[in-house]
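What follows is each chain in one-letter form.
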Amino acid sequence: MVTGAGSGIGRAVALELLGAGWRVALAGRRTETLEETAALAPGTDSLAVRTDVASPDDVAALFAAVRERFGRLGLLFNNAGTFGPGGVPVEELSYDAWRHVVDTNLNGAFLCAQAAFRLMKEQDPQGGRIINNGSISAHTPRPHSIAYTATKHAMTGLTKSLSLDGRPYRIACGQIDIGNAATDMTERMQAGILQANGELAAEPVMDVSDVARTVRHMAELPLEANVQFATVLATNMPYVGRG
């Protein structure tokens, strides 16, 4: 299962997995973009399910559809997320905007992970893998990104707890922290984005397929092995020396 599979990193990972022979449930807010993803991998086995990951009812329906269609779940790529409003200082960020980012990035990841745990514990053979899409913002923030940064730091705690709590059930959990993969969401990086010193600077990006291959590597490990945390970023982006 890949959430946020209608575009960007989610679409790239879904296509990578489908190309490797996985059967993939595609989850996202818009049916038409999910169907576009499926159409890019003709002859493969996919299931498109319109899902708002922040809705408990939608998540329950998604996992019920997966159970009915595939019978089991081997992998959840917890990818759905949003930056929220860009460039808004903390004192001007509305509560509704804050709540939307938290509901999507954190609550949505929890709901999907919780449902995956239930299914992976019950299925025979027991177990499976969860890969959470963190961010380099799980380590170091950008200016005016408090909601996104807070949820991505929280994702690290979610990953660690899932990894620990999954041990008795052969459920492995890891996190991939991604920096500047070339998608629609990162177009602004190449045009110029605010830096910690107050300047605007264009930042390099990397091909999103490099991220997809890394997720596939993590996914295809035996459950006795786990990539706990992986950081994949554009080599020359200003992350290591950010600030």
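Residues numbered from 1 in each chain as written. Predicted model: local features only at pLDDT ≥ 70, side-chain atom pairs only at ≥ 80, totals over all residues. Heavy atoms only, no water.

So, on to the environment of L162. Assignment of secondary structure puts L162 in helix α5 (residues 146–165). Along the chain, L162 and A113 lie 49 residues apart, while their C-alpha atoms are 8.1 Å from each other. Residues in contact with L162, not counting those within four places in the same chain, are A113, F117, N132 and C173. (Helix = DSSP H or I, 4+ residues; strand = E, 2+ residues; numbered from the N terminus. Contact = heavy atoms within 4.5 Å.)

A grouping of V90, Y95, W98 and I146 is seen on the molecular surface, where their side chains present a nonpolar patch of about 400 Å² in accessible area. Its location among the elements puts V90 in the loop between β4 (75–78) and α4 (95–122). (Patch = residues over 30% accessible without salt bridge, like charges linked within 9 Å, V, L, I, M, F, W, Y side chains within 5 Å. Areas by Shrake-Rupley, 256 points an atom, 1.4 Å probe, with all protein chains shown as cover. Salt bridge = Lys/Arg side-chain N within 4 Å of Asp/Glu carboxyl O.)

So, about the nonpolar core. One finds V2, I9, V13, F77, I131, I176 and V211 to be the most contacted residues of the largest nonpolar core, which totals 31 residues. Mapped by element, the contributors of at least two residues to this core are α1 (8–19), β2 (24–28), β4, β6 (171–179), α7 (208–219) and β9 (229–233). Every residue in contact with I176, bar those within four places of it in the chain, is listed here: F77, I131, N132, N133, G134, S135, V211, T214, V215, M218, A230 and V232. The next biggest cluster of nonpolar side chains, apart from the first, holds 29 residues, and it includes V66, L111, L158 and L162. (Core = buried A, V, L, I, M, F, W, Y, C linked by side-chain atoms within 4.5 Å. Buried < 20%, exposed > 50% of the residue type's maximum accessible area, 1.4 Å probe, protein only.)

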